[in-house]
Amino acid sequence: MEFGEGLKKVFLAGVGAIATTTETAKDIIDTLVEKGELTVAQGKVFNEELKYAAKEKIKENISVTVTKNYTDAMNSVEHMTPEELAALKEKITQAEQAMNGENNAYE
């Protein structure tokens, strides 16, 4: 075998190896993309399932009742500091002024 013939075979073998490697790499990348897309899709579904399950658990275990109970406010006045009491008086004054302003607006 001549030196040129051997060099040609080595060159062609290299080109073949590169082509094969490129094809294999493309197949691997395509497979990873498909798996990646599947993983993202599964992650979205799983996330939605977790949200739903969390909402259901909250509904089962937590109840909120809103009531207007002024008795507690009246009783807590006795335990307020002078600063807290002054702040409450100011808040009451503001509420009264707002109510009087609303009433005057309709007259």
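Predicted model only: the values in this text are computed from it and were never measured. (Residues numbered from 1 in each chain as written. Predicted model: local features only at pLDDT ≥ 70, side-chain atom pairs only at ≥ 80, totals over all residues. Heavy atoms only, no water.)

With that settled, consider the overall build of the protein. Check the secondary structure of the protein and you find 3 helices and 0 strands. Scored against the burial criterion, the 107 residues of the protein give a buried share of 1%. Accessible surface, the protein: about 10,100 Å² in total, of which carbon and sulfur atoms supply 62%. (Helix = DSSP H or I, 4+ residues; strand = E, 2+ residues; numbered from the N terminus. Buried < 20%, exposed > 50% of the residue type's maximum accessible area, 1.4 Å probe, protein only. Areas by Shrake-Rupley, 256 points an atom, 1.4 Å probe, with all protein chains shown as cover.)

Right, let's get into the pattern of salt bridges. Once the charged atoms of two side chains with opposite charge are near each other, the side chains can pair. Throughout the structure, instances matching the rule amount to 1 salt bridge. Its salt-bridge partner being E48, residue K51 comes within 3.6 Å of it at the nearest N-O pair. Taken together, the residues span about one helical turn, with K51 and E48 both in helix α1 (residues 3–61) at a distance of 3 residues. Overall, the relative accessible area of 42% leaves K51 in the partly exposed class. The class for E48 is partly exposed, based on a relative accessible area of 48%. (Salt bridge = Lys/Arg side-chain N within 4 Å of Asp/Glu carboxyl O.)

It is worth spelling out a nonpolar patch on the surface at this point. On the surface, F11, L12 and V15 cluster together into a nonpolar patch covering about 310 Å² of accessible area. Here L12 lies in helix α1. (Patch = residues over 30% accessible without salt bridge, like charges linked within 9 Å, V, L, I, M, F, W, Y side chains within 5 Å.)

Once that is clear, we can look at the confidence of the model for the protein. For the protein, the mean per-residue pLDDT works out to 76, and 78% of the residues sit at or above 70. Mean pLDDT across the secondary structure elements of the protein bottoms out at helix α2 (residues 70–77), with 73, and peaks at helix α3 (residues 82–106), with 83. (pLDDT = per-residue confidence, 0-100.)

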